[in-house]
Amino acid sequence: QVQLVESGGGLVQPGGSLRLSCAASGSIFSINVMGWYRQAPGKQRELVATIHSGSSPNYADSVKGRFTISRDNAKNTVSLQMNSLKPEDTAVYYCNLKEYPPTHDANDYWGQGTQVTVSS
């Protein structure tokens, strides 16, 4: 079984920075995509950033230039460096892993989420 554990959330002032980390454990297929999604109060969960095991980072337009996603394939970890944070970035951030085994449909796994609050 695959388990994802997030860390690094907290309270930060506008313009500040936070770094989120996610560690995946279990039997993980090498071809996969890890990423971050967020859900603000009253809104649907949305993509923040993803990164393939072969790189190829992808960002939502709202965070381009401010957030950077990275991963360590050997450790199955993914991080999200968030700079120039805005109040609208306030949300619960969820780590996601989508793996692509050769004989099955893609499998999705989610962490339990970590709260990020941007407020003065």
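Scope of this entry: the structure provided in the associated data block. (Residues numbered from 1 in each chain as written. Predicted model: local features only at pLDDT ≥ 70, side-chain atom pairs only at ≥ 80, totals over all residues. Heavy atoms only, no water.)

Before going further, it helps to spend a moment on the pairing of strand β11 (residues 114-118). On β11, burial follows the alternation: Thr114, Val116 and Val118 on one face are buried, whereas Gln115 and Thr117 on the facing-out side are not. Bridge count for strand β9 (residues 91-99) against β11 is 3 bridges, and the pairing is antiparallel. Each residue of the ladder has a partner; that of tyrosine 93, found in β11, is threonine 114. (Buried < 20%, exposed > 50% of the residue type's maximum accessible area, 1.4 Å probe, protein only. Helix = DSSP H or I, 4+ residues; strand = E, 2+ residues; numbered from the N terminus. Pairing = 2+ DSSP bridges.)

What follows covers the nonpolar core. Counting residues in hydrophobic clusters, the biggest one holds 29 residues, and the most contacted among them are Trp36, Leu80, Met82 and Tyr93. Not counting chain neighbours up to four residues away, the residues in contact with methionine 82 comprise Gly16, Ser17, Leu18, Leu20, Arg66, Phe67, Tyr93 and Val116. (Core = buried A, V, L, I, M, F, W, Y, C linked by side-chain atoms within 4.5 Å. Contact = heavy atoms within 4.5 Å.)

Topologically, aspartate 89 is positioned in the loop between β8 (77-82) and β9. A polar contact is formed between the side chain of aspartate 89 and the side chain of arginine 66, at a distance of 2.8 Å. (Polar contact = N/O pair within 3.5 Å; in protein donor to acceptor, adjacent residues only side chain to side chain.)

Before going further, it helps to examine the packing of aromatic side chains. Throughout the structure, instances matching the rule amount to 1 aromatic pair. Lying across the ring of tryptophan 110, arginine 45 places its NZ or CZ 4.6 Å from the centre. (Phe/Tyr/Trp six-rings, centres within 6.5 Å; stacked < 30°, edge-to-face > 60°. Lys NZ or Arg CZ within 6 Å of the ring centre and 35° of its normal.)

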